[in-house]
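Listed here are the chains, written in short residue letters.
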Amino acid sequence: MEKSLTDKRLSDIEENYKELSEGITAAAIKCGRNPSDVRFMAVTKTVDSIYINHALSLGLDLIGENRVQEFLLKKDELNLAGVEKHLIGHLQTNKVKQIVGEVDYIDGVDSLKVAKEIGKASLKKGIITNILLEVNIGGEESKFGFTPESIGETVYEIAEIEGIQVKGLMAIPPICDDSVKNRIFFENMHRLFIDIGAKKIDNVSMDILSMGMSGDYQDAVASGSTMVRIGSALFGARNYR
Ligand SMILES: *Cc1c(COP(=O)(O)O)cnc(C)c1O
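Residues numbered from 1 in each chain as written. Predicted model: local features only at pLDDT ≥ 70, side-chain atom pairs only at ≥ 80, totals over all residues. Heavy atoms only, no water.

## Some words on the pairing of strand E1 (residues 39-43)
Turning to step 1, where the next piece is worked out: Among the five residues of E1, four are classified as buried, and the element is accordingly described as predominantly covered.
Turning to step 2, where the next piece is worked out: Examined bridge by bridge, E1 and strand E2 (residues 62-65) share two bridges and lie parallel to one another. In the sheet register, valine 43 faces E2, and the bridge partner there is glycine 64.
Turning to step 3, where the next piece is worked out: Following the chain from E1 across helix H2 (residues 49-57) to the adjacent parallel E2, one finds a crossover that is right-handed. (Buried < 20%, exposed > 50% of the residue type's maximum accessible area, 1.4 Å probe, protein only. Helix = DSSP H or I, 4+ residues; strand = E, 2+ residues; numbered from the N terminus. Pairing = 2+ DSSP bridges. Right-handed = clockwise from strand over helix to strand, strands pointing away.)

## Concerning the layout of surface pockets
Turning to step 1, where the next piece is worked out: Quantified by volume, the largest pocket comes out at close to 970 Å³.
Turning to step 2, where the next piece is worked out: Taken together, 38 residues form the lining of the largest pocket, with Lys45, Asn66, Ile172, Met213 and Arg229 sitting closest to its centre.
Turning to step 3, where the next piece is worked out: Of all the elements in the fold, those that place two or more residues in the lining of the largest pocket are helix H3 (68-74), helix H7 (179-198) and helix H8 (217-222).
Turning to step 4, where the next piece is worked out: Residues of the lining of the largest pocket, tallied by class, amount to 13 nonpolar, 13 polar and twelve charged. (1 Å grid on protein atoms, 1.4 Å probe; cavity = no way out; pocket = protein on both sides within 12 Å on 5 of 7 lines; lining within 4 Å. Points joined across faces, edges and corners; volume = space filled by probe spheres on them. Nonpolar A, V, L, I, M, F, W, Y, C, P; charged D, E, K, R; others polar.)

## Thoughts on helix H1 (residues 5-30)
Turning to step 1, where the next piece is worked out: Between its terminal C-alpha atoms H1 stretches 36 Å, which fits the 38 Å expected from 26 residues at 1.5 Å a residue.
Turning to step 2, where the next piece is worked out: Taken residue by residue, H1 has Leu10, Ile13, Tyr17, Leu20, Gly23, Ile24, Ala27 and Ala28 as its buried positions.
Turning to step 3, where the next piece is worked out: As for H1, its buried residues are in contact with E1, H2, H8, strand E8 (227-230) and helix H9 (232-235). (Expected span 1.5 Å × (residues − 1). Contact = heavy atoms within 4.5 Å.)

The following block contains the structure:
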């Protein structure tokens, strides 16, 4: 009997997961890193719950969703026991209240304003929210994030905000197929990560360096990424974005 499209996609995910896990391990070993220092985040935007649950059943324990609304709609259908949940997309200040307390981390905190809003909403709920600061490492007009030049200073201001804890950095470098150019952005991110960590600021720990996606995760791992965010290479092409 012919396989249904759903079954085909489920078995593709299984194969992709295996290949990507091996790819991450190989990339780490190749540059002398411990593979267990690099975590595999499944990026779940636009993906239906059945496929996400399948990925989780294979051993994935970390997901990233871009949109507040989409996450809130899907979360009850997901088997999230023991799974770390991150919001990875740009967060509008008017959505902050809805997401604080629903995820373990808010990545992609890209302004002082949104950091303050997260702090305020967290205090109200009596929790502390883990955040990553997004750096616009390519200096792109179209992208959100702190500039590489300002982050070293701004981080002191963010550290003062109650209700949040800075756990690391995140970046989405410019898309380029040139591995050498890619590596420059990733290396610059790694340098910021090390420099900020060395400042030993209260409420700031550089535990997570989130960079690398389906097309460039090997380069990111080679440059010190501790968390790769993988969507299409795991779940297949998306229908939007
Ligand atoms: C969509 C998305 C990803 C995953 O992209 P792929 O190229 O499909 O792996 C990673 N990070 C962010 C912030 C995203 O929005």
